[in-house]
Amino acid sequence: MALRLVIDTSLNACGLGLFDGETCLFEITEGMTRGQQERLPVMALEAFQASGLKPKNLDLIAVTLGPGSFTGVRVGLSFAKGLGTGAGVPLKGIGTLEALGHHADLRDKKRLAVVNGGRGQIYVQRFPQGAPVTLDVNAPEAITKFAVANPFDILTGPAAALLSGYWPEAAEFPQTWPSLDAISKLAVDAGHDDLTPLYMREADAIASTRGIISLNA
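Residues numbered from 1 in each chain as written. Predicted model: local features only at pLDDT ≥ 70, side-chain atom pairs only at ≥ 80, totals over all residues. Heavy atoms only, no water.

Novice: I'm lost on the side chain of Glu98 in this one. Help?
Specialist: You can see Glu98 is positioned in helix α3 (residues 96–101). Arg111 provides the closest opposite charge to the buried, salt-bridge-free Glu98, at an N-O distance of 8.8 Å. Side chain to side chain, Glu98 and His192 meet in a polar contact 3.1 Å long. In this structure, Glu98 is in contact with Gln125, Phe127, Leu186 and His192, ignoring residues within four places of it in sequence. (Helix = DSSP H or I, 4+ residues; strand = E, 2+ residues; numbered from the N terminus. Buried < 20%, exposed > 50% of the residue type's maximum accessible area, 1.4 Å probe, protein only. Lys, Arg positive; Asp, Glu negative; His and termini not counted. Salt bridge = Lys/Arg side-chain N within 4 Å of Asp/Glu carboxyl O. Polar contact = N/O pair within 3.5 Å; in protein donor to acceptor, adjacent residues only side chain to side chain. Contact = heavy atoms within 4.5 Å.)

The following block contains the structure:
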């Protein structure tokens with residue numbers, strides 16, 4: 001099975017895992033809003049030392065692409081590209097919403113992954129099938145219309161509580177950041193070759209809305 005390094009710095013955490021097929025060889029996630037650039041290389045070194053493996057042994061590297069903070073997404077993607085280029089290992093890009101929606105405990109549910117983009121924007125993606133969309137908290141009628149058309153069993157992600165009133169019968173499944181296991185499993189699926197990042201609208205950041213459909217009124 002594919003030996004893969006998994007990286008997530010898209011939200012308020014720095015996470016890194018080393019997986020061999022279904023087996024997790026190393027996993028660590030630390031909550032942080034800054035400092036990922038310094039911590040991530042140390043985590044990678046710890047993973048390789050603990051496993052006895054080297055970067056050239058990897059079959060692929062998977063990294064989350066956002067929506068996420070400008071700095072966080074850039075740190076993870078830049079590190080993954082540098083390591084992949086140096087070791088000759090291919091990269092896979094995983095959407096943060098997709099990773100949140102594919103937690104192992106949610107795969108048989110109709111679920112909505114939710115991330116707060118700031119400035120009134122909420123990024124969501126419905127599963128088992130659906131594209132990422134942007135909702136506007138200042139346009140509740142548009143959110144209500146979306147909710148009527150899309151019933152869910154579960155709301156998940158760090159901003160799920162912001163939309164719970166629109167799906168009162170849906171349960172909340174707390175996730176502050178994506179599961180590294182979910183990212184690892186998605187990385188071996190077909191596709192995920194596009195490495196275009198999706199930045200949230202935050203201070204000093206430029207929003208990229210590639211792949212995001214706006215439902216704002």
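Novice: Explain the packing of helix α1 (residues 36–51) against helix α2 (residues 70–87) to me, please; I cannot follow it from the model alone.
Specialist: Think of two packed helices as two axes; the pair is described by the angle between the axes and how far apart they sit. At a minimum axis distance of 10 Å, the contact between α1 and α2 shows a crossing angle of 40°. Taken as a pair, α1 and α2 cross one another with a handedness that is right-handed. Within the contact between the two elements, α1 uses Gln36, Gln37, Leu40, Pro41 and Ala44 and α2 uses Val75, Gly76 and Phe79. For the contact of α1 with α2, a count of residues per class yields five nonpolar, three polar and no charged. (Axes fitted to C-alpha atoms, helices over the stretch in contact; angles between N-to-C directions. Left-handed = near helix turned anticlockwise from the far one by under 90°. Nonpolar A, V, L, I, M, F, W, Y, C, P; charged D, E, K, R; others polar.)

Novice: I keep staring at unusual backbone geometry and nothing clicks. Help me out?
Specialist: Trans peptide bonds make up most of the peptide bonds, and negative phi angles are found at most residues other than glycine. Here the bond from Gly66 into Pro67 is cis, since omega is 10°, no more than 30 degrees from zero. Along the chain, Pro67 falls in the loop between β4 (60–64) and α2. With a phi angle near 55°, Arg119 is a residue other than glycine that sits in the positive phi range. Tracing the backbone through its elements, the reader meets Arg119 in the loop between β6 (111–118) and β7 (121–127). At His192, a residue that is not glycine, the phi angle is positive and equals roughly 65°.

Novice: I would appreciate a short explanation of the sheet that holds β4 in the present structure.
Specialist: Sheet strands associate in pairs through backbone hydrogen bonding, adopting either a parallel or an antiparallel arrangement. Read from one edge of the open sheet, five strands run β3-β2-β1-β4-β5, paired in mixed fashion. Looking at the sheet topology across the chains shown, the edges are occupied by β3 (23–31) and β5 (91–94). Geometrically, the sheet is characterised by an average inter-axis angle of 15° between neighbouring strands, direction not taken into account. Each of β1 (3–8), β2 (13–20) and β3 is contacted by α1, which is oriented at about 25° to β2, the strand it contacts most. (Pairing = 2+ DSSP bridges.)

Novice: Honestly, the pairing of β1 in this entry has me stumped. Any pointers?
Specialist: In regular strands, side chains alternate between the two faces of the sheet. The buried fraction of β1 amounts to six of the six residues, a majority that puts the element mostly inside the structure. Covered by surrounding structure in β1 are Leu3, Leu5 and Ile7 together with Arg4, Val6 and Asp8, the residues of both alternating faces. As paired elements, β1 and β2 share six bridges and run antiparallel to each other. Directly across from Ile7, in β2, lies its bridge partner Leu16. Between β1 and the antiparallel strand that follows it, β2, lie four residues. As defined by bridge partners, β1 adjoins β4 across four bridges and the pair is classed as parallel. Residue pairing across strands places Val6 opposite Ala62, the latter belonging to β4.

Novice: Quick question: what am I supposed to make of the packing of aromatic side chains here?
Specialist: Centre distance and the angle of the planes are the two values used to describe a pair of aromatic rings. What the rule picks out here adds up to three aromatic pairs. Linked through ring pairs, Phe146, Phe152 and Trp167 together constitute an aromatic cluster. (Phe/Tyr/Trp six-rings, centres within 6.5 Å; stacked < 30°, edge-to-face > 60°.)

Novice: In this structure, what is going on with the nonpolar core? I would like to understand it.
Specialist: Side chains that are nonpolar tend, in soluble globular proteins, to be buried together. The biggest cluster of nonpolar side chains holds 24 residues, and the ones touching the most others in it are Leu5, Ile7, Leu16, Leu58 and Ile61. Top contributing element to this core by residue count: α1, with five residues. Ignoring sequence-local partners within four residues, the contact set of Leu16 consists of Leu5, Val6, Ile7, Phe26, Glu27, Ile28, Leu40, Met43, Ala44, Ala47 and Leu180. Among the nonpolar cores identified, the runner-up in size contains 16 residues, and Val124, Leu135, Phe146 and Phe152 belong to it. (Core = buried A, V, L, I, M, F, W, Y, C linked by side-chain atoms within 4.5 Å.)

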